[in-house]
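# An overview of the molecular structure
Single-letter residue listing:
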Amino acid sequence: MSKEPTPHTPAADPTAGAASAAPLPGRLTAAAVLTALEGLALAGLGVYMLFVGIAGHPDSPQQAETGGLTLLGLAVLPLVAARGLRRGRRWSRGPALITQLMALPVAWTLWNTGGAVRIAAAALALAAVAVAALLVNPTATEALGIGPADRAR
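What counts, and where the lines are drawn
Residues numbered from 1 in each chain as written. Predicted model: local features only at pLDDT ≥ 70, side-chain atom pairs only at ≥ 80, totals over all residues. Heavy atoms only, no water. Phe/Tyr/Trp six-rings, centres within 6.5 Å; stacked < 30°, edge-to-face > 60°. Lys NZ or Arg CZ within 6 Å of the ring centre and 35° of its normal. pLDDT = per-residue confidence, 0-100. Contact = heavy atoms within 4.5 Å. Helix = DSSP H or I, 4+ residues; strand = E, 2+ residues; numbered from the N terminus. Polar contact = N/O pair within 3.5 Å; in protein donor to acceptor, adjacent residues only side chain to side chain. Patch = residues over 30% accessible without salt bridge, like charges linked within 9 Å, V, L, I, M, F, W, Y side chains within 5 Å. Areas by Shrake-Rupley, 256 points an atom, 1.4 Å probe, with all protein chains shown as cover. Salt bridge = Lys/Arg side-chain N within 4 Å of Asp/Glu carboxyl O. Buried < 20%, exposed > 50% of the residue type's maximum accessible area, 1.4 Å probe, protein only. Core = buried A, V, L, I, M, F, W, Y, C linked by side-chain atoms within 4.5 Å.

## With respect to the packing of aromatic side chains
Using the criterion set out here, one finds zero aromatic pairs in the structure. In this arrangement the basic side chain of R118 is found over the ring face of W111, its NZ or CZ atom lying 4.6 Å from the centre.

## What about the confidence of the model for the protein?
Low pLDDT marks regions whose predicted coordinates should not be analysed in detail. Confidence along the protein averages 85 in pLDDT terms, with 82% of residues attaining 70 or more. Segment residues 5-20 is flagged for pLDDT under 50; beyond a separation of four residues in sequence, or across chains, it makes five contacts in the model.

## A short note on the side chain of R93
By secondary structure assignment, the location of R93 is in helix α3 (residues 93-113). A distance of 3.0 Å separates a polar atom in the side chain of R93 from the backbone oxygen of L135. In this view, R93 contacts L85, L135, V136, T141, L144 and I146; residues no more than four positions away in its chain are not counted.

## Remarks on a nonpolar patch on the surface
A surface patch of nonpolar side chains, about 340 Å² in accessible area, is lined by V33, L37, L40 and L79. The leading source of residues in the nonpolar patch is helix α1 (residues 26-55), at three residues. Position of L79 among the secondary structure elements: in helix α2 (residues 61-86). Taking relative accessible area as the criterion, L79 reaches 31% and is therefore assigned partly exposed.

## What to know about the nonpolar core
Listed in full, the 12 residues of the largest apolar core are L28, A31, A32, A81, L85, A96, V131, L134, L135, A140, L144 and I146. Counting only elements with at least two residues in this core, the list comes to α1, α2 and α4 (117-136). Excluding residues that lie within four positions of it along the chain, A32 makes contacts with A82, L85 and R86.

## As for the environment of A127
Among the structural elements, A127 can be located in helix α4. Overall, A127 belongs to the buried group, its relative accessible area being 16%. As a C-alpha pair, A127 and T35 span 92 residues in sequence and 8.3 Å in three-dimensional space.

## Observations concerning the environment of P23
Take P23: it is sitting in the segment before α1. On a C-alpha basis, the gap between P23 and A143 in space is 8.8 Å, while along the polypeptide they are 120 residues apart.

## Considering the side chain of S92
Along the chain, S92 falls in the loop between α2 and α3. Of note is the side chain of S92, whose polar atom sits 3.2 Å from the backbone nitrogen of L85. A polar contact of 2.6 Å, which involves the side chain of S92, links it to the backbone oxygen of R89.

This is the structure we're talking about:
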């Protein structure tokens, strides 16, 4: 008496989302990974600033701690957006694009400081432009349900 497995139907599964019906395009996955890396870099810098503010000898411990907490708070936006992109959620495109728009002036400021910081500035600018280009690509917008086919409904 063997039971045959019943085929999985997305309509019968209330937890299945629209993104589970089809695999995400590589462009959307790449955008999610780069956005997550930006968020992790912000979080890492925030933790470093907190550590220096608490255990180090900064000029102003209060400024270092406040800056660290601010960076940790700012890291939430790209991390949440990256998670949404990876799950194919249409709302995540806006926060991800906002993150890239905020990164460009930061990259410009870092570039103008000169020195070895220019490497970080160039990397940040390249990542921001790449993610923005990936997110406005028709393949990615359609995967998120923002394409012309969805407007006709």
